[in-house]
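Descriptive analysis of the structure
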Amino acid sequence: MSRITPLSVILCLICFLIGCNDSPKHTLYDLRCENLQNPLSIGHTTPHLSWKLKAGQDGEKQIAFQVLVATNPALLEEGKTDLWDSGKNLSPASVMIKYAGKDLTGEPLAYWKVRVWDTADNATEWSETACFGTGLSENEIHTAQYIGYPKETGNPQSPLLRKKFEVSEKTGKILLYVNSLGYHEVYINGKKVGDHVLTPAVSQMNKRSLYNTYDITSYVNEGNNDLVVWLGQGWYRPGLLDAYDGPLAKVWLKAEQEDRWKTLIVSDQSWLATESGYASIGSWRPLQFGGEHIDASVLPEDMTISSLDKLSWHAVVEIDVPAHAISPQMTEENRITETIKAIKITQLSDSVWLADMGQALTGWAEIKFPALTPGQEIILTYADHLDEQGNPASQNQEDRYIASGKANETFCSKFNYHGFQYIQISNLATPPEINHIAAHLIQTDFRQTSSFECSDADMNAIHDMFQYTLRNLSLGGYLVDCTQLERLGYGGDGNASTETAQTMFDLSPLYSNWMQAWADCIREDGGMPHTAPNPYPAGGGPYWCGFIITASWRTYVNYGDSRLIEKYYPVMQHWLSYVDKYTVDGLLEPWPDTPYRGWYLGDWACPRGIDQTNPASIGVVNNSFISVCYETMEKIATFLGKPEDAKLYTDKRSSLQKRIQEAFYSEEKGIYSTGSQIDLVYPMLSGVTPQPLLEKVTQHLFEETEQNRQGHLACGLVGIPVITEWAVKNNQPDFIYSMLKKRDYPGYLYMIDNGATATWEHWDGARSRLHNCYNGIGSWFYQAIGGIRPDEHQPGYKLIWINPQIPAGITWAKTSKETPYGLLSVNWEIKENKMNMEITIPPGSTANVVLPVTITEYTLNEKQSEKTKSNILVLESGKYRLSY
């Protein structure tokens, strides 16, 4: 018999550990379906699955994958899975893989996992299990009724809807589906379900409403249960829609029992309703967003069954609602993502106090009051800035709280929100303690996927202001102009900020929701509004209407998500047929106002001294934009395999470019239209300007900027992203940098030096100081200074271009971006005339690093090489140190 010694055990352990180090582990993470984590309803039966690979060593990438999908996690094994086993699929693809298994009709919930093989043909461990739900069938949707509070009985604006139900035995998942017209919250057995707020996201409510799905398994007891759906009006209100006087809801509750799904309850006349103590203030039209009226004497003490039983309950009313599509919400929920405390409270007059939160934000105030008397009315007035007298600017944002007289009374909004920095508290003799005043920032709960920092503190401050502003403008599954005055998803503001926003955040689901609203808004004749959703007419121009073309394409380029260009291509064509109707002698001319749309703008919100109303400027701006649309449609048609369409849009673009050049270019002056920055840049960017004239027009641009505008940005909402894109494509970092460094009007540092924490609507601070007007230049920090750009032919950062454009004055920068394939980072520093770069390329991606044409050699990972004739250095996934 051999003897095992301690030394032999140690040697075996060492050999084992060495062996592990020789074969690094690869792990899979961030499993997503339709770009969402574990969505419980996707509304169809052909999901798209994505994952990321965390490689164990440099240069590794996926060469094959295997996906398993089953009705039960226990079946996720080879030979057992009952829905799909892809087998070993020889493909590097890991983004938006289309399901190809059994028909999912009738399968509310499915589970999946994946493994991949690396370049050495080694398989990873299986991923963690993820899930997705297909949602309600069309037949199921019609089994429930819209119910609300009977207005003859009391105030129907924010009712509690209640239903008791019984579950004899919990044997599987229990799902709740809520389709509310207006906002809702769900409570089961006294507990709020989830941490999201202001649900659902927006939709064009005369065409579509959204439902939300909840896994309530852990909230439900075996035996008796109590379900409450608390409603608030939101956008669903008379005057905006053919709406009932209060919010409504359809509800379905389904349970998995003995491998079958059974519907336990639906909304019908058996439900009960009561008033909640909340009511709405304001019409939800521009500058009339009001707030909430809360009668604390009516509020339930809490949501427990015993407290609810003390209330007076009435039978609900069933309401016939005009027919429309009902589909699941396919973007993240709204959540509180940050809470801040007041920094200062001052007395304005007798019983009137002003709380300063220190920064502008979108969301809720929460205030614990000192002792109040029964019936005492506290008025809260909100604004994002102060007027010249030091009072909150008039923005018609107001909440009213009627005290119950009980101890520890606390106010917090529920079904409305505000854009604010200041809160005026009126009718209160003693102020709240400053640490009892809080503000909750609410946004669509997408991921921030980028970071930027450089050697210039001014640039960091401007970048951070853009990033913070966009977070605050995303509540509801779209990007709005502002949250305090209009709350509209303007296409112009969207066009201006999309490249910045999609670089900074993971917004593929948000854009999916928003583009759905745009598609629902198009009129029979192809006309488009200026906002989506489109509850009432709003101002804009073609740059606003054509957003569905440019935004859908950028979503494809930035995320590798082709669903939008595939789904909405006919909508894009329909709108361009409307453009054709108003094209005269080869040029788009102003179209008439309509009941759903007003104005015909070119640029907007320009600084003083720029005539944005000049017809020649409007003409060159709008026709240049249509040229961009034709170019984009050519690319989309090519991707979709429609060569005849591609040729059509190529020809249209060529003809339009000639007409723009003939109509708006002055040979004598060497300028387009008025010679403003946007009038000069947009024809160059859109390909109008003939090659021999580019240098001349560029020189006029520099002269216009330096001589007439004292080196400042001198354009508005449309001009900012246009001039940014042109500068990046033409390697003009100093041009942009010098304008960003200006501290006087107009400029971003002027905003910051005057107290801005978010960007303004106008360069002088008029109206709104939390606005999506000038954020389009934010992409420059990543694409120019950081040097990171995606490739349109291999989208979603499958192929990455790395080419820092470094203005004089910046000596280092650190830039990162979480791409659909993983983390991409570029950190560079120039020291003693030497460029040093640290680059991380995610598995599955390739980078083309552009080397300066003037260098003859470089060092990569400590190995010196001579530069070849090509100035492109190709890097596969991994970490690199590059210097030259």
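Preceding block: the structure.
Residues numbered from 1 in each chain as written. Predicted model: local features only at pLDDT ≥ 70, side-chain atom pairs only at ≥ 80, totals over all residues. Heavy atoms only, no water.

1. Quick look at the overall build of the protein chain
What the protein chain contains, in helices and strands, is 17 helices and 46 strands. By the compact-globule yardstick of 29 Å for 884 residues, the protein chain fits well, its C-alpha radius of gyration being 29 Å. Expressed as lengths along the three principal axes of its C-alpha atoms, the size of the protein chain is roughly 95 × 80 × 55 Å. Across the 884 residues in the protein chain, those meeting the buried criterion constitute 60%. Surface accessibility of the protein chain: about 34,500 Å² in total, with carbon and sulfur atoms responsible for 49%. On the protein chain, the mean spot of the 73 positive side-chain charges and the mean spot of the 103 negative ones are 3 Å from each other. (Helix = DSSP H or I, 4+ residues; strand = E, 2+ residues; numbered from the N terminus. Rg over C-alpha atoms; globule rule 2.2 N^0.38 Å. Buried < 20%, exposed > 50% of the residue type's maximum accessible area, 1.4 Å probe, protein only. Areas by Shrake-Rupley, 256 points an atom, 1.4 Å probe, with all protein chains shown as cover. Lys, Arg positive; Asp, Glu negative; His and termini not counted. Charge placed at Lys NZ, Arg CZ, Asp CG, Glu CD.)

2. Side note on unusual backbone geometry
In most cases, non-glycine residues show a negative phi, while peptide bonds are predominantly trans. A cis amide bond links alanine 532 with the next residue in sequence, proline 533, at an omega value of -5°. Within the secondary structure, proline 533 is located in the loop between helix H6 (508-521) and helix H7 (542-545). With omega at -10°, the peptide bond leading from tyrosine 745 into proline 746 counts as cis. If you trace the backbone, proline 746 turns up in the loop between helix H15 (733-740) and helix H16 (748-753). Located in the positive-phi region is asparagine 38, a residue other than glycine, with phi close to 50°. Here asparagine 38 falls in the partly exposed class, since its relative accessible area comes to 38%.

3. Topic: empty space enclosed by the protein
Within this structure, the stated rule accounts for two cavities of 30 Å³ or more. Quantified by volume, the largest cavity comes out at close to 210 Å³. Elements that contribute at least two residues to the lining of the largest cavity include exactly strand E1 (27-33), strand E2 (48-54) and strand E39 (812-819). Of the residues contributing to the lining of the largest cavity, the split by class is five nonpolar, five polar and seven charged. Within this model, the second largest cavity holds a volume of roughly 70 Å³. Lining of the second largest cavity is provided by 14 residues; of these, Gln233, Ala279, Ser280, Glu292 and Phe415 occupy positions nearest its centre. Elements with a minimum of two residues in the lining of the second largest cavity: strand E19 (278-281) and strand E20 (291-295). In terms of residue count, E19 provides more of the lining of the second largest cavity than any other element does, three residues in total. Looking at side-chain class alone, the lining of the second largest cavity contains four nonpolar, eight polar and two charged residues. (1 Å grid on protein atoms, 1.4 Å probe; cavity = no way out; pocket = protein on both sides within 12 Å on 5 of 7 lines; lining within 4 Å. Points joined across faces, edges and corners; volume = space filled by probe spheres on them. Nonpolar A, V, L, I, M, F, W, Y, C, P; charged D, E, K, R; others polar.)

4. With respect to the packing of helix H10 (residues 615-639) against helix H11 (residues 643-664)
The description of two packed helices rests on the angle between their axes and on the distance between the axes. Where H10 contacts H11, the two axes come as close as 8 Å, and the packing angle between them is 160°. As the angle between them shows, H10 and H11 are arranged roughly antiparallel. The chirality of how H10 crosses H11 is left-handed. In terms of residue class, the contact of H10 with H11 is built from eleven nonpolar, seven polar and five charged. (Axes fitted to C-alpha atoms, helices over the stretch in contact; angles between N-to-C directions. Parallel < 35°, antiparallel > 145°, perpendicular 65-115°, else oblique. Left-handed = near helix turned anticlockwise from the far one by under 90°.)

5. A short note on the sheet that holds strand E32 (residues 450-454)
Pairing in this open sheet of seven strands is antiparallel, and the strands run E32-E39-E40-E41-E46-E43-E44 from one edge to the other. A single partner strand is all that each edge strand has here, and the edge strands are E32 and strand E44 (863-866). Put simply, the sheet's adjacent strands are angled 15° from each other on average, direction ignored. Strand direction decides the pairing type here: strand E40 (residues 822-831) and strand E41 (residues 834-841), joined by seven bridges, are antiparallel. Residue pairing for E41: lysine 831 is matched across the bridge by lysine 834. (Pairing = 2+ DSSP bridges.)

6. Thoughts on the pattern of salt bridges
Throughout the structure, instances matching the rule amount to 43 salt bridges. Ionic pairing is found between aspartate 121 and lysine 88, a salt bridge with its closest N-O pair at 2.7 Å. A residue pair is termed long-range when its members are at least 10 positions apart, and aspartate 121 in the loop between strand E6 (109-117) and strand E7 (130-133) and lysine 88 in the loop between strand E4 (84-85) and strand E5 (97-98) qualify at 33 residues. Note on aspartate 121: relative accessible area 42%, which makes it partly exposed. Take lysine 88: its relative accessible area is 39%, and that puts it in the partly exposed class. One salt bridge connects arginine 563 with aspartate 561, and the closest N-O pair in it is separated by 2.7 Å. Exposure remark for arginine 563: the relative accessible area of 15% places this residue in the buried category. On the basis of relative accessible area, aspartate 561 is assigned to the buried category, the value being 1%. (Salt bridge = Lys/Arg side-chain N within 4 Å of Asp/Glu carboxyl O.)

7. Re the nonpolar core
Judged by nonpolar contacts, the single largest core of 217 residues is most densely connected at Ile423, Trp575, Tyr748 and Trp780. Element by element, the count of residues in this core is highest for H10, at eleven residues. Excluding residues within four positions of it along the chain, tyrosine 748 makes contact with Ile462, Met465, Phe466, Leu713, Ile720, Leu740, Trp763, Tyr774 and Ile777. (Core = buried A, V, L, I, M, F, W, Y, C linked by side-chain atoms within 4.5 Å. Contact = heavy atoms within 4.5 Å.)

8. Some remarks on helix H13 (residues 694-708)
When the terminal C-alpha atoms of H13 are compared, their 20 Å separation across 15 residues agrees well with the 21 Å that a helix rising 1.5 Å per residue should span. Within the span of H13, buried status applies to Val697, Thr698, Leu701, Glu704 and Thr705. Looking straight down H13, one finds that the buried residues subtend no more than 115° of arc, so they occupy a single side. Residues Glu695 and Gln707 are exposed on H13 and point more than 90 degrees away from its buried face. As for H13, its buried residues are in contact with strand E35 (665-666), strand E36 (671-672), helix H12 (677-685), helix H14 (719-729) and H15. Just downstream of H13, glutamine 710 is the residue with a positive phi angle, here 50°. (Expected span 1.5 Å × (residues − 1). Arc of directions from axis to C-beta.)

9. Details of the layout of surface pockets
Quantified by volume, the largest pocket comes out at close to 970 Å³. Lining of the largest pocket is provided by 38 residues; of these, Glu499, Arg554, Glu725, Lys729 and Glu792 occupy positions nearest its centre. The set of elements that each furnish at least two residues to the lining of the largest pocket consists of helix H5 (491-504), helix H8 (547-559), H10, H12, H14, helix H17 (779-785) and strand E37 (788-790). At six residues, H14 tops the list of elements feeding residues into the lining of the largest pocket.

10. Side note on the sheet that holds E1
Spatially, E1-E2-E5 is the arrangement adopted by the three strands of the open sheet, whose pairing is antiparallel. Only two strands of the sheet have a single partner each, and these edge strands are E1 and E5. By the bridge criterion, five bridges tie E1 to E2 in an arrangement that is antiparallel. From the neighbouring strand, leucine 28 faces E2, where its bridge partner is leucine 53.

11. Some points on the packing of aromatic side chains
Aromatic ring pairs are described here by two measures, namely the spacing of the ring centres and the angle between the planes. A full pass over the atoms with the stated rule returns 45 aromatic pairs. Seen from their ring centres, tyrosine 382 and phenylalanine 420 are 5.2 Å apart, and the 70° between their planes marks the pair as edge-to-face. Here tyrosine 382, found in strand E27 (residues 377-383), pairs with phenylalanine 420, found in strand E30 (residues 418-426); they are 38 residues apart in sequence, far enough to count as distant. As far as the burial class goes, tyrosine 382 and phenylalanine 420 line up, both buried. (Phe/Tyr/Trp six-rings, centres within 6.5 Å; stacked < 30°, edge-to-face > 60°.)

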